[in-house]
Amino acid sequence: MPPFQPIKQRELIKSLKKAGFEGPYSGGKHPFMVKGDLVLTIPNKHKSDIGRELLARILKQAGMTREEWEMRLAFFGSYSGAFVSSTDILQNNLLRPALEMARVL
């Protein structure tokens, strides 16, 4: 499973879109994304990546657990260079949650 690590703003947005969020839209001081009634504030683009602590707060606001986030990234492969090998899938029993997630999507 990919590690819970800093992420680029572009990759965060791409992953959130795959999770069903629309946007980003500009508004106020920060862009935001929408999924139903949920409005998720996205940090402005900076030179550095979005850190683990801020990513955790964004995921909490999005109603996503760290495990769901990591499974989504493992399934869709959004982190640069991160992937899950077939050995990882078999040894860590990742196939079942990935298939269940695919049914939800």
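Below, the structure is looked at part by part. (Residues numbered from 1 in each chain as written. Predicted model: local features only at pLDDT ≥ 70, side-chain atom pairs only at ≥ 80, totals over all residues. Heavy atoms only, no water.)

## Examining the overall build of the chain
Here is step 1 of the chain: Secondary structure assignment for the chain yields 5 helices and 3 strands.
Here is step 2 of the chain: When the elements of the chain are put in sequence order from the N terminus, they spell out α-β-β-β-α-α-α-α.
Here is step 3 of the chain: Put simply, the chain has 105 residues, and 34% of those count as buried.
Here is step 4 of the chain: Long-range pairs, those at least 24 residues apart, make up 54% of the contacts in the chain with a sequence separation of at least 6. (Helix = DSSP H or I, 4+ residues; strand = E, 2+ residues; numbered from the N terminus. Buried < 20%, exposed > 50% of the residue type's maximum accessible area, 1.4 Å probe, protein only. Contact = heavy atoms within 4.5 Å.)

## A word on the nonpolar core
Here is step 1 of the chain: Within the largest apolar cluster, 18 residues are counted, with the highest numbers of intra-cluster contacts made by L12, L16, F21, L55 and W69.
Here is step 2 of the chain: Where this core is concerned, the elements lending two or more residues are α1 (9-18), α2 (52-62) and α3 (66-76).
Here is step 3 of the chain: The leading source of residues in this core is α2, at 4 residues.
Here is step 4 of the chain: When sequence neighbours within four positions are dropped, the list of residues in contact with F21 reads L16, M33, V34, K35, L38, L40, A62 and M64. (Core = buried A, V, L, I, M, F, W, Y, C linked by side-chain atoms within 4.5 Å.)

The quantities given are spatial measurements derived from coordinates; they are silent on function.
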